[in-house]
Amino acid sequence: GGARSPIIRFGRYLEKRGLWDSAQEDELRKSERKRAIKALNDAERVAPPHPRHLFTDVYDELPWLLEMQQKQLKEHLLRYASHYKDISAQHVEGM
């Protein structure tokens, strides 16, 4: 339960020492909820990343297995393009 949670235990520790209280907790939760909702809304307005970034964000040189997966994804996206209207043909060809 809660007694095992380090976050809850630390909160109790701070409360016992007068460094934290439920009003501060409520205010923090409200403000962070607003920040999280804003971040989600902002992220929804950003264009989706290019599909090739699924493969280029970690390695300088792709391992053979990822090269194969990238080729398979490109073939899949080309074959079933009507199901992926949010991915442009330019993006698929650029993979």
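In what follows, the structure referred to is the one given above.
A quick note: this is a predicted structure, and the numbers were derived from the prediction, not measured.

Caption draft 1: Representation of the overall build of the protein in the model. Within the protein, the secondary structure is distributed over five helices and zero strands. For the protein, whose C-alpha radius of gyration is 23 Å, the value lies well above the compact-globule estimate of 12 Å for 95 residues. Dimensions of the protein along its principal axes, counting C-alpha atoms only, are 60 × 30 × 25 Å. In the protein, which comprises 95 residues, the proportion classed as buried is 9%. Within the protein, counting contacts between residues at least 6 apart in sequence, those at least 24 apart form 32% of the total. By element, 55% of the accessible surface of the protein is carried by carbon and sulfur atoms, the whole surface being about 8,500 Å².

Caption draft 2: Broad picture of the packing of aromatic side chains. Enumeration over the complete set of coordinates arrives at one aromatic pair. Both rings, one in F10 and one in Y13, keep their centres 6.0 Å apart while their planes meet at 15 degrees; by these two values the pair is stacked. With a gap of three residues between them, F10 and Y13 both fall in helix α1 (residues 6-16), about one helical turn apart. The exposure class assigned to Y13 is partly exposed, which follows from its relative accessible area of 39%.

Caption draft 3: Layout of the environment of Y84. Locating Y84 in the fold gives a position in the loop between α4 (64-79) and α5 (89-93). Among the residues examined, Y84 registers a relative accessible area of 29% and is labelled partly exposed. Not counting the four nearest positions on each side in its chain, Y84 is found in contact with H76 and L77.

Caption draft 4: Main features of the side chain of Q70. For Q70, the location among the structural elements is in helix α4. Overall, Q70 belongs to the buried group, its relative accessible area being 14%. Residues within four places of Q70 in sequence aside, it is in contact with R52, F55, L62 and M95.

Caption draft 5: Quick look at the environment of T56. If you trace the backbone, T56 turns up in helix α3 (residues 53-56). On the accessibility criterion, T56 (40% relative accessible area) is partly exposed. Measuring from C-alpha to C-alpha, the distance between T56 and S22 comes to 46 Å, with 34 residues separating the pair along the chain. Among the polar contacts listed, one links the side chain of T56 to the side chain of H53, at a separation of 3.2 Å.

Caption draft 6: Fine view of a negative patch on the surface. A contiguous patch of negative charge, built from E15, D21, D26 and E27, is present on the exposed surface. Within the fold, D26 resides in helix α2 (residues 22-45). Here D26 falls in the partly exposed class, since its relative accessible area comes to 44%.

Cut-offs applied
Numbering of residues starts from 1 in each chain and follows the order in which that chain's sequence is written. Under the rules for a predicted model, residues below a pLDDT of 70 receive no local features and side-chain atom pairs below 80 are neither given nor counted, while totals for whole chains, interfaces and linings still include all residues. Side-chain metrics rest on all non-hydrogen atoms present in the structure, leaving aside hydrogens and water. Secondary structure counts use DSSP, requiring at least four H or I residues in a row for a helix and at least two E residues in a row for a strand, with both numbered from the N terminus. Each radius of gyration reported is based on C-alpha atoms, and the globular scaling rule is 2.2 Å times the count of residues to the power 0.38. Relative accessibility thresholds used throughout: buried, under 20% of the residue-type maximum; exposed, over 50%; partly exposed, between the two (1.4 Å probe, protein chains only). It only takes one pair of heavy atoms within 4.5 Å for two residues to be counted as in contact. Computed by Shrake-Rupley with a 1.4 Å probe, the accessible areas treat only the displayed protein chains as cover when residues are assessed. The aromatic pairing rule takes the rings of Phe, Tyr and Trp, using the six-membered ring of Trp, and pairs them if the centres are within 6.5 Å, calling planes under 30 degrees apart stacked, those over 60 edge-to-face and the rest tilted. Two N or O atoms count as a polar contact when they lie within 3.5 Å, although within protein this holds only if one can serve as hydrogen donor and the other as acceptor, and sequence-adjacent residues are included solely when both atoms are side-chain atoms. Only residues above 30% relative accessible area that lack a salt bridge enter a patch, with like-charged residues linked at up to 9 Å and the nonpolar side chains Val, Leu, Ile, Met, Phe, Trp and Tyr linked at up to 5 Å. Should a side-chain nitrogen of Lys or Arg be within 4 Å of a carboxyl oxygen of Asp or Glu, the pair is scored as a salt bridge. We count Lys and Arg on the positive side and Asp and Glu on the negative side, and we leave His and both chain ends out. Where a charge lies is defined by one atom per residue type: Lys uses NZ, Arg uses CZ, Asp uses CG and Glu uses CD.

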